[in-house]
Amino acid sequence: QVQLVESGGGLVQAGGSLRLSCAASGSIISIGDMGWYRQAPGKQRELVARIGSGGRTNYADSVKGRFTISRDGAKYTVYLQMNYLKPEDTAVYYCNADVTYYSGRYSTDNYWGQGTQVTVSS
């Protein structure tokens, strides 16, 4: 009933920038926390940044000052602006959201997007 679709990944040189987007669709009533996670080869998935429905944000220490998370409530979309990218930022980036939807009854579940590859060359 609910889908999260990411876009904006790609290949960039170190020091460059990328902007990721994640749009939620379906029978959505409201969205709570939204966030971005990443998983590099051979490593566990880790939090990059999260944003609450009221706009409160938190970031992984490794991206503070370089990445900015934002959201557009009307479009059910969350963004991740990534500046001063480093090779160690290379990973698959996943969108995550707590979504309240209606499918015969009201339910709230946590959803993941399919992931988008970000590759930073040195």
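Residues numbered from 1 in each chain as written. Predicted model: local features only at pLDDT ≥ 70, side-chain atom pairs only at ≥ 80, totals over all residues. Heavy atoms only, no water.

## Side note on the overall build of the protein chain
Next up, step 1: Summing up its helical and strand segments, the protein chain has 0 helices and 11 strands in all.
Next up, step 2: Here the C-alpha radius of gyration of the protein chain, 14 Å, is about what a compact globule of 122 residues would show, namely 14 Å.
Next up, step 3: Reported as C-alpha extents along the three principal axes, the dimensions of the protein chain are approximately 50 × 25 × 20 Å.
Next up, step 4: A burial count over the protein chain gives 42% of its 122 residues as buried.
Next up, step 5: Sequence-distant contacts in the protein chain: of pairs separated by 6 or more residues, those separated by 24 or more amount to 56%.
Next up, step 6: For the protein chain, the accessible surface area stands at approximately 6,400 Å², while carbon and sulfur atoms represent 46% of it.
Next up, step 7: Each charge class in the protein chain was averaged separately, 12 positive and 9 negative side chains, and the resulting centres sit 2 Å apart. (Helix = DSSP H or I, 4+ residues; strand = E, 2+ residues; numbered from the N terminus. Rg over C-alpha atoms; globule rule 2.2 N^0.38 Å. Buried < 20%, exposed > 50% of the residue type's maximum accessible area, 1.4 Å probe, protein only. Contact = heavy atoms within 4.5 Å. Areas by Shrake-Rupley, 256 points an atom, 1.4 Å probe, with all protein chains shown as cover. Lys, Arg positive; Asp, Glu negative; His and termini not counted. Charge placed at Lys NZ, Arg CZ, Asp CG, Glu CD.)

## Things to note about the pattern of salt bridges
Next up, step 1: Taken as a whole and judged by the stated rule, the model has 6 salt bridges.
Next up, step 2: Each member of the salt-bridge network shares a partner with another, and the members are Arg38, Glu46, Arg66 and Asp89. (Salt bridge = Lys/Arg side-chain N within 4 Å of Asp/Glu carboxyl O.)

## Quick notes on the packing of aromatic side chains
Next up, step 1: Applying the stated criterion across every chain, the model contains 4 aromatic pairs.
Next up, step 2: Members of the aromatic cluster, joined through ring pairs, are Tyr37, Tyr94 and Trp112.
Next up, step 3: Over the ring of Tyr79 we find Arg19; its NZ or CZ atom is 4.1 Å from the centre of that ring.
Next up, step 4: The ring of Tyr94 has Arg45 sitting right over it, with the charged end atom 3.7 Å from the ring centre. (Phe/Tyr/Trp six-rings, centres within 6.5 Å; stacked < 30°, edge-to-face > 60°. Lys NZ or Arg CZ within 6 Å of the ring centre and 35° of its normal.)

## A look at the state of the cysteines
Next up, step 1: Throughout the structure, instances matching the rule amount to 1 disulfide.
Next up, step 2: For Cys22, the disulfide goes to Cys95, at an S-S distance of 2.1 Å. Every disulfide takes its handedness from the sign of the S-S torsion; for Cys22 and Cys95 that torsion is -80°, giving left-handed. Pair noted here: Cys22 is in strand β3 (residues 18–26) and Cys95 is in strand β9 (residues 91–102), with a separation of 73 residues, a long-range link.
Next up, step 3: Residue Cys22 is classed as buried on the basis of its relative accessible area, which comes to 0%.
Next up, step 4: Assessed through its relative accessible area of 0%, Cys95 is described here as buried. (Disulfide = S-S within 2.5 Å.)

## Focus: the nonpolar core
Next up, step 1: Within the largest apolar cluster, 32 residues are counted, with the highest numbers of intra-cluster contacts made by Trp36, Val48, Phe67, Val78, Leu80, Met82 and Tyr93.
Next up, step 2: Of all the secondary structure elements, the ones that give two or more residues to this core are β1 (2–7), β3, β4 (28–39), β5 (46–51), β7 (67–72), β8 (77–82), β9 and β11 (116–121).
Next up, step 3: Among the elements that take part in this core, β9 stands out by supplying 6 residues, more than any other.
Next up, step 4: Beyond its immediate chain neighbours, meaning those up to four positions away, Val48 contacts Trp36, Tyr37, Arg38, Asn58, Tyr59, Ala60, Val63, Phe67, Leu80 and Tyr93. (Core = buried A, V, L, I, M, F, W, Y, C linked by side-chain atoms within 4.5 Å.)

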